[in-house]
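Fold and contact review
Residues per chain, in single letters:
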Amino acid sequence: MTSTTVIKAYRILEYLSINGPSPLQQIMEALDLPKATVYRLAETLVELEVLQKVGPQYRANWQKKRPLHHPIMNSWRSFGIMQKFVNQFNLPIYVGVLDDDEVLIVQVVPQSQHPDDSTKLGERLPVNISAMGKCLIAFGKDPLPELSQQCGTSYAIREEALLKQNLAVIRHKGYALDDEENVIGLRCLAVPICVQNQAVACLGTSAPIKNLSRRKISQIVNSLKTYSRQLSNIMMEE
């Protein structure tokens, strides 16, 4: 594809990621593009599994929160990197950032057969009950926020001293683990996305324990770290 074609394809993807599932006519009118061009590019993106076609509507396999403007969210290459992880493990992948002492999930690439994964977009979590939150605190520069005492399960860490011990383990291992701390039966992993040795975001995944067994953790974490480094490089280039 020429650069102009890539830009048009990205505009289609960006429109759908913000506005949700839309028919062909609505896309062409919103972007002021010829119907033939939109159809050709949309069908190509479906073949690449970047879009899904459900009846007359196209929907993005990623979504982003409208107010966020950050290189990692707006890069075509960043989506391709995260899609590789989804294809490799058949697990969803999330990007989270700290916002008002909580984790805000700002990007989601769902499993192809589980578009409901996208409902996590915009979800907020206390830092002490989520792998993403603990990861951002462990590798970032922000002070430890007030710990949630209500959310999470009985496995959640609610004491500052215990959390600090856990953060030290996270720094040593290079990843954070949420083992049924937020939801019973759910296991989550997260690694930092760093710029100049500071976590500016994190990359995470989650699944029922039966689908994310302990013997798989090492392999999944290694892949998350690889993709995290690639995303860091993209951010530093912007």
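Check the entry above for the structure.
In what follows, the accompanying structure is described. Per chain, residues are indexed from 1 in the order of the written sequence. Local features are withheld for residues below a pLDDT of 70 in this predicted model, meaning they are given only at 70 or higher, and side-chain atom pairs are given and counted only at 80 or more; totals for whole chains, interfaces and linings count all residues. Think of the side-chain values as coming from all heavy atoms in the structure, minus any hydrogens and water.

Focus: the nonpolar core
Here, nonpolar core refers to any group of buried Ala, Val, Leu, Ile, Met, Phe, Trp, Tyr and Cys residues whose side-chain atoms link them within 4.5 Å. Think of it in three bands: with a 1.4 Å probe and only protein chains considered, a residue is buried below 20% of the maximum accessible area for its type, exposed above 50%, and partly exposed in between. If you look at the biggest cluster of nonpolar residues, it comprises 47 residues, and the most contacted ones within it are L51 and L203. Helix and strand definitions here come from DSSP, where helices need a minimum of 4 consecutive H or I residues and strands a minimum of 2 consecutive E residues; each element is numbered from the N-terminal end. A total of eight residues in this core trace back to one element, the largest contributor, which is helix α7 (residues 214-237). Any two residues whose heavy atoms approach within 4.5 Å are treated as being in contact. Excluding residues within four positions of it along the chain, L203 makes contact with M82, I93, Y94, V95, L189, A190, V191, I193, L224, Y227, S228 and L231. Ranked by size, the runner-up nonpolar core spans 24 residues in total, among them I137, A138, I157 and L167.

Looking at a negative patch on the surface
On the surface, D100, D101, D142 and E146 cluster together into a negatively charged patch. Along the chain, D100 falls in the loop between β5 (93-99) and β6 (102-109). Here D100 falls in the exposed class, since its relative accessible area comes to 66%. Only residues whose relative accessible area exceeds 30% and that take part in no salt bridge are eligible for patches, with like-charged residues grouped when within 9 Å of each other and nonpolar side chains (Val, Leu, Ile, Met, Phe, Trp, Tyr) grouped when within 5 Å. Here the open area of atoms and residues is found with the Shrake-Rupley method and a 1.4 Å probe, where only the protein chains shown may cover a residue. One speaks of a salt bridge when a side-chain nitrogen belonging to Lys or Arg is within 4 Å of a carboxyl oxygen belonging to Asp or Glu. As used throughout, the charge tally considers Lys and Arg to be positive and Asp and Glu to be negative, leaving His and the chain termini uncounted. In this description, the location of a charge corresponds to atom NZ of lysine, CZ of arginine, CG of aspartate or CD of glutamate.

Some thoughts on the packing of aromatic side chains
For Phe, Tyr and Trp, where Trp contributes only its six-membered ring, two rings pair if their centres lie within 6.5 Å, and the inter-plane angle classes them as stacked under 30 degrees, edge-to-face over 60, or tilted in between. If you walk through the whole model with that rule in mind, you get two aromatic pairs. When the centroid spacing of 5.1 Å and the interplanar angle of 45 degrees are considered together, the rings of F85 and F89 count as tilted. Separated by four residues within a single helix, F85 and F89 lie in helix α4 (residues 76-89), roughly one turn from each other. The same class applies to F85 and to F89, which are both buried. When the ring of F85 is compared with that of Y227, the centres are 6.3 Å apart and the planes differ by 90 degrees; the resulting orientation is edge-to-face. Highlighted residues: F85 in helix α4 and Y227 in helix α7, separated in sequence by 142 residues. Using a relative accessible area of 11% as the deciding quantity, one classes Y227 as buried.

Some points on helix α3 (residues 35-47)
One less than the residue count of a helix, multiplied by 1.5 Å, gives the span that helix is expected to have. The first and last C-alpha atoms of α3 sit 18 Å apart over 13 residues, in line with the 18 Å expected at 1.5 Å per residue. All buried positions along α3 are accounted for by T37, V38, L41, A42, E43 and L45. Backbone geometry just after α3 places E49 at a positive phi near 65 degrees.

Brief notes about helix α6 (residues 160-173)
End to end, α6 covers 20 Å across 14 residues, agreeing with the expected 20 Å (1.5 Å per residue, within 8%). Listed in full, the buried residues belonging to α6 are L163, L167 and I170. Buried residues of α6, viewed axially, fall in a sector of 60 degrees; they line one side. Across α6 from its buried face, at more than 90 degrees, point the exposed residues A161, Q165 and H172. Residues of α6 that are buried sit in contact with α5 (131-139) and β8 (176-179). The positive-phi residue at the C-terminal boundary of α6 is G174, with phi of around 85 degrees. Comment: arc refers to directions from the helix axis out to C-beta atoms.

A closer look at unusual backbone geometry
One non-glycine residue with positive phi stands out, namely D32, at about 55 degrees. D32 gets classed as exposed once you look at its relative accessible area, which sits at 69%.

Brief notes about the pattern of salt bridges
Evaluation of the coordinates by the stated rule reveals eight salt bridges. Here R124 makes a salt bridge to D99, at a shortest N to O gap of 2.5 Å. You can see R124 sitting in strand β7 (residues 124-126) and its partner D99 sitting in strand β5, a full 25 residues away along the chain. With a relative accessible area of 36%, R124 lands in the partly exposed category. Residue classification places D99 among the partly exposed positions, given a relative accessible area of 26%. One salt bridge connects D179 with R214, and the closest N-O pair in it is separated by 2.2 Å.

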